[in-house]
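A look at the structure
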Amino acid sequence: MHNLYFILLLFLSACQLGVPKFPKEETLSAELMPLEGTTFPLRLEIKHPYLVLQNLKLQDSIFHIYDLRDNKLKSAFGQIGEGPQEFVVPWLIQNQFADLLIEDRHIIHRFQINEKGEAIFKGTREPNYISQVSNAVFVNDTTFIVDAMYTAPDLYLLNFGSDLPEKIWTYRNSYIVDYYADPNMGNVYANENRIVFCYGYKKQIDFMDTEFNLIKRIKFRFDNPTQVNTSNQGDVPMSYVYAYLGKRYLYALFLGTSWNENRANFTCGTYLEVYDLDGNPVIRYHLKGRRPVYYVVDETNYTLYGAGEEGEPEDNLLVYKLKGLS
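What you see is a predicted model; the values in this text were computed from it and never measured.

As a further point, take the environment of Ala307. Along the chain, Ala307 turns up in strand β24 (residues 303-308). A relative accessible area of 1% means that Ala307 is categorised as buried. Beyond its immediate chain neighbours, meaning those up to four positions away, Ala307 contacts Pro41, Leu42, Leu44, Arg291, Pro292, Val293, Tyr294 and Leu317.

Below, the discussion takes up the confidence of the model for the protein chain. Mean pLDDT over the protein chain: 90, with 91% of residues reaching 70 or higher. Taken together, the stretch residues 1-17 has pLDDT below 50 and engages in three contacts with residues farther than four places along the chain or on a different chain.

All right, on to the packing of aromatic side chains then. All told, the structure shown has 27 aromatic pairs when counted by the stated rule. Taking the centre distance of 5.0 Å and the plane angle of 50 degrees together, the rings of Phe77 and Phe111 count as tilted. You can see Phe77 sitting in strand β6 (residues 72-79) and its partner Phe111 sitting in strand β9 (residues 107-113), a full 34 residues away along the chain. As far as the burial class goes, Phe77 and Phe111 line up, both buried. For the ring pair Tyr244 and Tyr251, a centre distance of 6.4 Å and an interplane angle of 35 degrees mean the geometry is tilted. The residues Tyr244 and Tyr251 share a single accessibility class, namely buried. Site record: aromatic cluster; members linked through ring pairs are Phe63, Phe77, Phe87, Phe111 and Phe121. Positioned above the aromatic ring of Tyr294 is the side chain of Arg43, whose terminal nitrogen or guanidinium carbon lies 4.9 Å from the ring centre. Seen from the ring of Tyr199, Lys202 lies directly overhead, with NZ or CZ sitting 4.6 Å from the centre.

What counts, and where the lines are drawn
Residues numbered from 1 in each chain as written. Predicted model: local features only at pLDDT ≥ 70, side-chain atom pairs only at ≥ 80, totals over all residues. Heavy atoms only, no water. Helix = DSSP H or I, 4+ residues; strand = E, 2+ residues; numbered from the N terminus. Buried < 20%, exposed > 50% of the residue type's maximum accessible area, 1.4 Å probe, protein only. Contact = heavy atoms within 4.5 Å. pLDDT = per-residue confidence, 0-100. Phe/Tyr/Trp six-rings, centres within 6.5 Å; stacked < 30°, edge-to-face > 60°. Lys NZ or Arg CZ within 6 Å of the ring centre and 35° of its normal.

So this is what it looks like as structure tokens:
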């Protein structure tokens, strides 16, 4: 009898093993932040008290700068073209240091936002290693990480002067050419203290130092697929679809359904999971409103600003007040 009790206890413990519990849970509804002019917001960046958004609808005034103290548009800049200080395929890069970074054709353009909410051009830098730089995440002013994606199953740690990676972390199956067909597919995020990798099909997050040394791996039970292909990607259950790594917390968006199911539900009903930088669960939010696609979190007042899928709701940003954080 004692042996049976001991075996049952071990079984129950094993079932709970590796399943982190959130000490707090909240349900949130979305508010809206009206945008000025004709807009289709895509990428967002926060440089408190300013919010920068990349607008897909315009060929000029691509980047809009809002003052979050009154939610008013302060300035706009950037034009599509081939001339000096014009952009061809710009991409706003999120980072945790002072400058605003925009990647365009493998070149990083740097701006500073002044007291009037204007973007002041500071210059450009071109890294020696240019492959996948549009997807770069920055550790600091000189160090960044790229996902090799279709050329290798690795993350590369690089400096601007690097011709080759200084560190390599292999996370995918080298025999699977299609990045999106690999069950280990995911997205990388970084700040000056951490590299975090959130898996797209597995409910797993790896917290590492800035040299890819594992600090903590958190895993939840989740029916992740063993096979993904181009014909079933819309029907495959997705795990972490996006995240934002601030200076204090990781804010990871968990889908829990397929893309098709989420869209059939008007992109509502997702979860935002918050972890500290050591991988400890802090709070989980049930987002009753629409799912933000790309988003940032202002950690001064713990407010999430996000763009909805396909620019909806039109001419507005989604806003979630993340109560319970400090």
